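Each chain, written out:
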Amino acid sequence: MAEAEKGRFPACLEIATQMKLEGVAPDLATYNALMFAAAHDACWFETWAILDDMLLLGVKPTAATFNHLIHAQRQKSSPYLWKVVEKMEELNIPPNSGTFTLIIQRFVADGNLELALQYFHAMRALKFVPELRAAQSMVSLTAQQGYPRLAIDLAVWFEQNSIRRLEHAAWMNCLISSADNLYADGVLTCWKMVVEDLNLTPDEGLCVAVLNTAARHGLPDLATDVLRVLKSMGAPWKEHHFASLIEAFCRDKQLKEAFMTLEIMRTNGVEPITGTTLPILESISKDIDAVDAAWTIIETIHKEAKRVDVSVLKTIIEASVSLGDLQRAIGTYKSYSEYGAVADVATFNLLLQGCITARHRGLGDLLLSDMKTAKIKPDKATYQHMVELCLTQDMYEDAFFYLEEMKSVGHTPARRIYENLILKCHSLGDPRYNIALDEMREYGYDLSPQLAQEIKLHRSQHQQGEEKDRVTPKVGISGAAQRFVESGGLGVQT
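Reading the values: rules and limits
- Residues numbered from 1 in each chain as written.
- Predicted model: local features only at pLDDT ≥ 70, side-chain atom pairs only at ≥ 80, totals over all residues.
- Heavy atoms only, no water.
- pLDDT = per-residue confidence, 0-100.
- Contact = heavy atoms within 4.5 Å.
- Helix = DSSP H or I, 4+ residues; strand = E, 2+ residues; numbered from the N terminus.
- Expected span 1.5 Å × (residues − 1).
- Buried < 20%, exposed > 50% of the residue type's maximum accessible area, 1.4 Å probe, protein only.
- Salt bridge = Lys/Arg side-chain N within 4 Å of Asp/Glu carboxyl O.
- Axes fitted to C-alpha atoms, helices over the stretch in contact; angles between N-to-C directions.
- Parallel < 35°, antiparallel > 145°, perpendicular 65-115°, else oblique.
- Nonpolar A, V, L, I, M, F, W, Y, C, P; charged D, E, K, R; others polar.
- Core = buried A, V, L, I, M, F, W, Y, C linked by side-chain atoms within 4.5 Å.

Trainee: Which parts of the structure should I look at to understand the confidence of the model for the protein chain?
Mentor: Caution applies to low-pLDDT regions: their predicted coordinates should not be interpreted in detail. Here the protein chain averages 86 in pLDDT, and 88% of its residues register 70 or above. Counted against residues more than four places away or in other chains, residues 1–5, with its pLDDT under 50, gives 11 contacts. Contacts of residues 489–494 to residues separated by more than four positions or lying in other chains number two contacts, the stretch itself having pLDDT below 50.

The structure is reproduced here in structure tokens:
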């Protein structure tokens, strides 16, 4: 037994041989010790020989014997394992918890979740509680293969029916899987277990995944706690952390808290970007009533002597423009000073978009004048908006002016600018569309199939118009010829 426990299979064989020479019959304990030593060294063939010798001498094997036999087959393919199982059934040897543990671990090692689950449930049906290592590996494999709900169910069942507790890695795997699959209930359960009960700190990547789940399902309390954990681990707060919190507030219909989060961002040195306020925009762009409700919240924040972030006001402008309410957008812009906000180039670009929709060239010029007064430098989007605004008018000469000015300050016009200009000129028979087309190609832009089709359509319509205007000369016959036809041919002279 001592040699077997040390895994010295050759020494065990020598002792067994000496026993036979001295006429000492090996018993079950002896054979199991030999099996243990052979299994330790993965001597699968020798374990079968030991089993045959047991049966030949009339020593009935037990589940422990077959457990060693199963363990010895760990480096062989599945058919070797099935042969052991069939032999157990043939000898009517019932499996025990260790048997199921070895089989489950074998299938887990192969990544065969289906068969591992099959034996796991067969084990439960026999009222066996799996050993910790089997439960641990089963839960981890299930989570890693993308089944967080099932993995959590297995983990909860095991801890309810066993005096043992799963290792931390199993619950962490469940949290990772739940977050990756945006499984809200699983994230809530596992976050509490990992952070509160086990007092573990997830890494920043996992925290971001949990934030994504909180954002998707409107769980601002969870998102807030994740920010707390990030702070405690020394990870700096970033824009995408707050963006998830804002989305969670919006989906939970807490717009006021979403608005105030933007100011908290700036307080912590994090600048909001366009995507940060997108959830707010989606919430208030449904109709004018939603915009009015947002204004009420802004007024409430202002009355509480709290700062209203300029990003909130820009979002109101963007929502108003998307709803076609240019007057409301301009009104919001005019109220900036009341909230201590200063318009930036993004604000003017949003307003110019509204001018394009409304075809209001005069207002666009006034906004450009305001920009110059405020010493705000136009960016690429500003110039492009002005070109597009000019193209909404019958007199569109200034479109070429803004295009040239845009290029002179180092901006490359987008392809759509050239396409809109080409389409406008071509539709009105303006030959400058060829110049725009050549310039477009110089920038490496190809003519899009849609624009080519539009040009072809306009050209076809133009040709049809010319054909209608073309007058076909009327062909008549002389009076003599007319009389000839009416008389039925040459008449007889009398």
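That covers the picture; the talk isn't over yet.
Trainee: Explain the environment of Met 172 to me, please; I cannot follow it from the model alone.
Mentor: The residue Met 172 is located in helix α11 (residues 168–180) in this model. Along the primary structure Met 172 and Leu 206 are separated by 34 residues, whereas in three dimensions their C-alpha atoms are 9.6 Å apart. Setting aside residues up to four positions removed in sequence, Met 172 forms contacts with Val 194, Leu 200 and Leu 206.

Trainee: Looking at this model, I keep getting lost on helix α14 (residues 220–232). Mind explaining?
Mentor: Owing to its 3.6 residues per turn, the α-helix aligns residues three or four sequence positions apart on the same side. In this model, α14 (13 residues) spans 18 Å end to end at C-alpha, consistent with the 18 Å of a helix rising 1.5 Å per residue. For α14, the full list of buried residues reads Pro 220, Leu 222, Ala 223, Asp 225, Val 226, Leu 227, Val 229 and Leu 230. Buried positions along α14 lie against α12 (184–197), α13 (204–217) and α15 (239–251). Count one or two residues on from α14 and you reach Gly 234, which has phi positive near 85°.

Trainee: What should I look at first to understand the environment of Arg 124 in this one?
Mentor: Mapped onto the fold, Arg 124 is located in helix α8 (residues 113–125). When the C-alpha positions of Arg 124 and Ser 97 are compared, they lie 10.0 Å apart, and in sequence the two are 27 residues distant. Residues in contact with Arg 124, not counting those within four places in the same chain, are Leu 154 and Trp 157.

Trainee: Would you mind going over the pattern of salt bridges with me for this structure?
Mentor: Opposite charge on two side chains permits them to pair, given that their charged atoms come into close proximity. Enumeration over the complete set of coordinates arrives at 22 salt bridges. For Arg 328, the salt bridge is made with Asp 325, and the minimal N-O distance between the two is 3.0 Å. Owing to a relative accessible area of 23%, Arg 328 belongs among the partly exposed residues under this scheme. When salt bridges with common partners are traced through the structure, they connect Lys 256, Glu 304 and Lys 306 into a single cluster.

Trainee: How should the packing of helix α19 (residues 310–322) against helix α21 (residues 345–358) be read in this particular structure?
Mentor: Helix-helix packing is characterised by the crossing angle of the two axes and by the distance between the axes. Following both chains from N to C, one finds α19 and α21 inclined at 10°, their axes separated by 9 Å at the closest point. In terms of orientation, α19 and α21 fall into the roughly parallel class. Between α19 and α21, the contacting residues are Lys 314, Ile 317, Glu 318 and Val 321 on the first element and Ala 346, Thr 347, Leu 350, Leu 351, Gln 353 and Gly 354 on the second. Taken together, the residues of the contact of α19 with α21 sort by class into five nonpolar, three polar and two charged.

Trainee: Looking at this structure, how should I read the nonpolar core?
Mentor: Taken as a class, soluble globular proteins show a tendency for nonpolar side chains to be buried jointly. Ranked by size, the top nonpolar core spans 143 residues in total, and within it Leu 166, Leu 175, Trp 191, Val 210, Phe 259, Ile 298 and Leu 367 carry the most contacts. Among residues more than four places away in sequence, those in contact with Leu 367 are Ile 330, Tyr 333, Phe 348, Leu 351, Leu 352 and Cys 355.

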